[in-house]
Amino acid sequence: MAPINDIQERRTDRGAMSRTLSYFAAFIGALCVYFIIHLFFSTHVRTVRNDVIQGFLIGFGLAFATAQAYARIKAVKVNGWITMFELGKPGNGMFLRAAHAQLFPGPVNVSEEAMYWWTNSDGVGRVLSGRHDYRMHFPAGQLPPNNAFWSLTMGTARNRFVANPIKRYSVSDRSGLLPNGDGSIDIYIQNAAPAGHESNWLPAPSGKFILWLRVYEPGEAILAGEYTVPPVVKAKIS
């Protein structure tokens, strides 16, 4: 399948919140500690070549583990959605840019131009899968505030477009979402078309998937951290 057109969404999901990366970072940290202890207490003859190799490995490992840890500190996770503020801000130090890259590896705009969220889990932490049906419910007047537009994009676990019969890969304030009688809006995230709600359907794959929410020229509530993205909720079986 063709990759998602936003460069950021072409990349494989490398979220630092994943257990795999958490375990890997812990392993790298432990390995660095071992190397450091080995350097000081080993009775083996040291050579320049071995010291250079070990120094390189220790430096790389410490940089990776530190960036992972700092990313956790800077990340904001609410209702399963992960975001970071000050992405792409001129003047960000190398340390902060490395932390940002752990969660948002692609090119990004400054917050005043765009804010980004992603999730691969529902509101209670269960992995998103096309084996289930989901809803995102926006109360009346609670769509992402913006001065441009917003979009919710679907990707496979590897951030690729999802083949579907209506060739729809995202929904947005420009895609013709129909409101409920009270003015609220429900987005139906599932593999099969929801009967009677096709206009609000975001097709999902049969397996695991990831969602990206992007808001361009976000409103003040978003920039101030006051807006909360609603959770992705597993639909109840009727």
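Bear in mind that the values here come from a model prediction, so they are computed numbers and not experimental data. (Residues numbered from 1 in each chain as written. Predicted model: local features only at pLDDT ≥ 70, side-chain atom pairs only at ≥ 80, totals over all residues. Heavy atoms only, no water.)

What follows deals with the confidence of the model for the chain. For the chain, the average pLDDT comes to 82, and 78% of its residues sit at 70 or higher. Every residue in residues 1–17 is under pLDDT 50, and counting partners more than four places away or in other chains gives 60 contacts. (pLDDT = per-residue confidence, 0-100. Contact = heavy atoms within 4.5 Å.)

With that out of the way, let us pick up the nonpolar core. Ranked by size, the top nonpolar core spans 26 residues in total, and within it W81, M136, L152, I187, I189 and L211 carry the most contacts. Counting only elements with at least two residues in this core, the list comes to β3 (114–119), β4 (134–138), β5 (146–156), β7 (185–190) and β9 (209–218). Looking at this core, the element that brings in the most residues is β9, giving four residues. When sequence neighbours within four positions are dropped, the list of residues in contact with M136 reads W81, L152, I185, D186, I187, I189, V229, P230, P231 and V232. Listed in part, the twelve residues of the second largest apolar core include L87, F104, A114 and Y116. (Core = buried A, V, L, I, M, F, W, Y, C linked by side-chain atoms within 4.5 Å. Buried < 20%, exposed > 50% of the residue type's maximum accessible area, 1.4 Å probe, protein only. Helix = DSSP H or I, 4+ residues; strand = E, 2+ residues; numbered from the N terminus.)

Moving on to a nonpolar patch on the surface. Taken together, the side chains of I53, F56 and L57 present a nonpolar region at the surface, about 290 Å² in accessible area. You can call I53 partly exposed: its relative accessible area is 37%. (Patch = residues over 30% accessible without salt bridge, like charges linked within 9 Å, V, L, I, M, F, W, Y side chains within 5 Å. Areas by Shrake-Rupley, 256 points an atom, 1.4 Å probe, with all protein chains shown as cover. Salt bridge = Lys/Arg side-chain N within 4 Å of Asp/Glu carboxyl O.)

Turning to the sheet that holds strand β8 (residues 201–203), a few remarks are in order. Strand pairs in the sheet, formed through backbone hydrogen bonds, run parallel or antiparallel to each other. With mixed pairing, four strands are arranged side by side in an open sheet as β8-β7-β4-β10. Each edge of the sheet is formed by a strand with only one pairing partner; in this case those strands are β8 and β10 (232–234). Averaged over all adjacent pairs, the angle separating strand axes in this sheet is 30°, with direction ignored. The pairing of β4 with β10 spans three bridges and is antiparallel. Paired with Y134 across the bridge in β10 is K234. (Pairing = 2+ DSSP bridges. Axes fitted to C-alpha atoms, helices over the stretch in contact; angles between N-to-C directions.)

The subject of this paragraph is the side chain of T153. Residue placement: T153 occurs in strand β5. T153 gets classed as buried once you look at its relative accessible area, which sits at 3%. At a separation of 3.1 Å, a polar atom in the side chain of T153 contacts the side chain of R214. (Polar contact = N/O pair within 3.5 Å; in protein donor to acceptor, adjacent residues only side chain to side chain.)

Our next topic: the pairing of β9. The buried count for β9 comes to nine of ten residues, which makes it a mostly enclosed element. Inspection of the sheet shows β3 paired to β9 by six bridges, in the antiparallel sense. The residue of β9 that forms the bridge with A114 is Y216. Pairing geometry for β5 and β9, over nine bridges, is antiparallel. In the sheet register, M154 faces β9, and the bridge partner there is L211.

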